[in-house]
Amino acid sequence: MYPKPLLILFLVVMISGCRTKEKEPREDKRPNIVLIMADDLGFSDLGCYGGEIQTPNIDWLAENGLRFTQFYNTSRCCPTRASLLTGLYNHQAGIGHMTTDEGKEGYRGHLTKTSVTLAEVLKSAGYHTGMTGKWHVSNTVVQESPEKQLNWLNHGEEHPLFAPVEQYPVNRGFEKYFGNIWGVVNFFDPFSLVNGTEPVKTVPENYYHTDAINDTASAYIREFSRNREPFFLYVAHTAPHWPLHALPEDIAKYEDTYKVGWDTIRQQRYQKLVASGILDSTRYPLPPRWKDELKWENNPHAEWDARAMAVHAAMIDRMDRGIGHILETLRETGEMDNTLIVFLSDNGASPENSMQYGPGFDRPGRTRSGEQIAYPVNKDVLPGPETTFGSIGPRWANVSNTPFNYWKSESFEGGVHTPVIAFWPEGINTDKGGVTEQVGHVMDVMATFIDIAGTEYPETYQGNQITPLQGKSLKPVFEGKKRKGHPVLFNEHEGGRFVRTSGWKLVAPDTKSPWELYRIKTDRTETENVAARYPEVVKRLDSLWQDWAAKNHVIRQ
C-alpha cells in the first residue's frame, strides 16, 4: 500500500524541481549507485538473513546479488554514518560519539572539513547526487530552555535551523535532499524535516515517513534518469529505529507471530541461517539468550512484548515494500541493470528503553494536535500509534541480532555486525544469491564507489587538506576475487572498543572492564573468552589498539 493522493501531491511539491524533458541515450556508461541504509535493523531481521519478517524485495536483491556475513559498522547511528559517508574511521571524520561538539578533534559532532562525503566526491566526478531520509551527522541546534525545546518538538513554535546550515546535506555534496536532520522522529509527523534547507512546516494527515523517504527516492530516480550523467542516491531510513510506529494494517500481519516468545523465534532464525548456508554452526555457535532466566511463559508483559516486536516487524515490512517501489522505478526507467544497489544496517538492533527517557531533547510530549504522547514505562499502553513512544528492549534486540551477543552501541558482534547486500547485474560476477565471508567495513563503501566511478579520492577539497582514505574497495569481491582487505580493524564507542585481526578479536564493553579475547576465526559469536590463556596475544593487540587510538583522536581509551 503506497501513499494516498494527498501524500503523493505533497511529495510532488517537495521535488518540484524535477525536469520534464525526454530521456536521451546516456553517453556516460558508469553505473548509477543507490545506497540504502536501515536504522537499528538486526542481523537476522530480514528474510534473506534468517528472519520471519516479510521482506521479498530486499530478499530479491539478495537472491540476485551478494550477501556479506562479516561486515562491520561502528556501533551506533551517527558514528556509522560518518564512516560510511567519508571512508574514514568515524573519529577521523569528527563524530567519535554523537552530534554534540565536545571541543575535541575526534568529537566535533559533525563531519569536519578535513573529510569529504560520498556525494562531494561523486558530484565532482560528474554524478548527480540526491538523498532522502536521516542525516544525523551535524550538530544539533537546541533552544535556550527545556520548555522552549519541548514546545519546538511538539510543533508549537518554529525555528529555521535544526543544525548549522553549512552542515546540511545540500552543503555537503547533495544536489537534492528531503528528510530529517536529527535522528529520532515521530513517523507520522517528523521533527527536523526539511526539503533542501527549508523546514517542512506541515505534512498531510496520512503522512508516514518511511513511505515519504522511499517515494521521494523514486521521484529523484525519475528525474536523474532523464539526464545524460549517472546518479548517486542515498536512501537513509529511520525504520525500524524507535519509536515503534506503524500502520494498523501492517501490524495486523504480525499480531500473532511473536506470541511464541523470544526463544522460539531465536531458534527458528538460527536454524534458518544454518540451513540456508549463510552461517556455519561450527563457527557460529548460538550463545545463551541474554538473561534467559526469564522464560516467556513467565513474562508478565508478554502481550506488550509480542506487540512491540510485531510493530518492529511491521516497520521493516513497510520499508521493504517502499524499496520495491524504488526497484520498480529503476526498471521503468531502464536503469536497473547498470545500477549498483547496496543495502545495509547502521548497527545491530537497539536494546534501548525509550520509555524511560520521557519527553525532551529529541522526544516530543504531545502531537501537533495536542494529544499527550505516552512513554509507557509500565508497558500499560500498546505501541504502534503516534501517541506512544516505545521500543523493543534488550531481549528482543538479542533475538533480532541472532546469532550474536549484545546489540547497538556495543563493540561485541551484535553491535558491530551488519547485514550487507550488494546487487549489480552488470558488475557482480559471483553466483546469484552468493554469500561471501570476506571481511568488510562501512568505510570501504567510499573506496568501492570511487573504484566503480573511475575517479579518485582527493588530497584537498575546497581548500582543505583531506584525511587520507582508510577504506578499501569491495569491487574485487564483486568480481569473485579475493581482495587484500584490512589486516586489522578497530573500534571505539562510549569506551567500548575492539581490535580485530584475521584470527583474533580483543573486545571490552567499557574502559573499566578487562579485555576479552576470542578466536574470531572459529568463534564468531564470541562464546569462549580465552584472554587468560593467551596473555601475550592480549598484550600485542592492546598495543595495536592504543597506537590506533592515539593516532585517531580517540580520547576515551
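A brief report on the enclosed structure follows. (Residues numbered from 1 in each chain as written. Predicted model: local features only at pLDDT ≥ 70, side-chain atom pairs only at ≥ 80, totals over all residues. Heavy atoms only, no water.)

### Digging into the overall build of the protein chain
Along its length, the protein chain carries 15 helices and 18 strands. Taking 24 Å as the expected radius of gyration for a compact globule of 557 residues, we find that the protein chain reaches 22 Å, a close match to that expectation. Viewed in the frame of its principal axes, the protein chain has a C-alpha envelope of about 65 × 55 × 50 Å. For the protein chain, buried positions account for 63% of its 557 residues. (Helix = DSSP H or I, 4+ residues; strand = E, 2+ residues; numbered from the N terminus. Rg over C-alpha atoms; globule rule 2.2 N^0.38 Å. Buried < 20%, exposed > 50% of the residue type's maximum accessible area, 1.4 Å probe, protein only.)

### Section: the packing of helix α7 (residues 209-224) against helix α10 (residues 302-332)
Following both chains from N to C, one finds α7 and α10 inclined at 10°, their axes separated by 9 Å at the closest point. Between α7 and α10, the crossing angle belongs to the class labelled roughly parallel. Side by side, α7 and α10 meet where Thr210, Asp211, Asn214, Asp215, Ala217, Ser218, Ile221 and Arg222 of the first sit next to Arg318, Met319, Gly322, Ile323, His325, Ile326, Thr329, Leu330 and Glu332 of the second. Of the residues that constitute the contact of α7 with α10, the class distribution is six nonpolar, six polar and five charged. (Axes fitted to C-alpha atoms, helices over the stretch in contact; angles between N-to-C directions. Parallel < 35°, antiparallel > 145°, perpendicular 65-115°, else oblique. Contact = heavy atoms within 4.5 Å. Nonpolar A, V, L, I, M, F, W, Y, C, P; charged D, E, K, R; others polar.)

### Points about the packing of aromatic side chains
Counted under the stated rule, the structure contains 34 aromatic pairs. Consider the rings of Trp290 and Trp407, whose centres lie 5.2 Å apart with planes at 80°: the pair is edge-to-face. Here the residue Trp290 occupies a position in the loop between α9 (262-275) and α10, and Trp407 occupies one in the loop between α11 (393-400) and α12 (413-416), the gap between them amounting to 117 residues. With a relative accessible area of 24%, Trp290 lands in the partly exposed category. Overall, the relative accessible area of 8% leaves Trp407 in the buried class. (Phe/Tyr/Trp six-rings, centres within 6.5 Å; stacked < 30°, edge-to-face > 60°.)

### Describing helix α13 (residues 444-453)
Here α13 lies mainly inside the structure; nine of its 10 residues are buried. Where α13 terminates, the next one or two residues include Gly454, which has phi positive at roughly 65°.

### Side note on the sheet that holds strand β15 (residues 489-493)
The four strands lie next to each other as β15-β16-β17-β18, forming an open sheet whose pairing is antiparallel. With one partner strand each, in any of the chains shown, β15 and β18 (516-518) form the two edges of the open sheet. Shown here is a sheet whose adjacent strand axes are inclined to one another by a mean of 10°, direction ignored. Sheet topology note: the strand β17 (residues 505-508)/β18 ladder contains three bridges and is antiparallel. Within β18, the position partnered with Leu506 by the bridge is Leu517. Set on the sheet, helix α15 (residues 535-551) makes contact with β15, β16 (496-500), β17 and β18; between it and β15 the angle comes to about 70°. (Pairing = 2+ DSSP bridges.)

### Observations regarding the pairing of strand β9 (residues 339-345)
Note on strand geometry: in a regular strand, side chains alternate between the two faces of the sheet. With respect to burial, β9 is a largely interior element, seven of its seven residues being buried. One ladder, built from seven bridges, connects strand β1 (residues 32-38) with β9; its direction is parallel. Across the sheet, the residue bridging to Asn32 is Thr339, located in β9. Bridge count for β9 against strand β10 (residues 420-423) is four bridges, and the pairing is antiparallel. If you follow Ile341 over to β10, its bridge partner there is Phe423.

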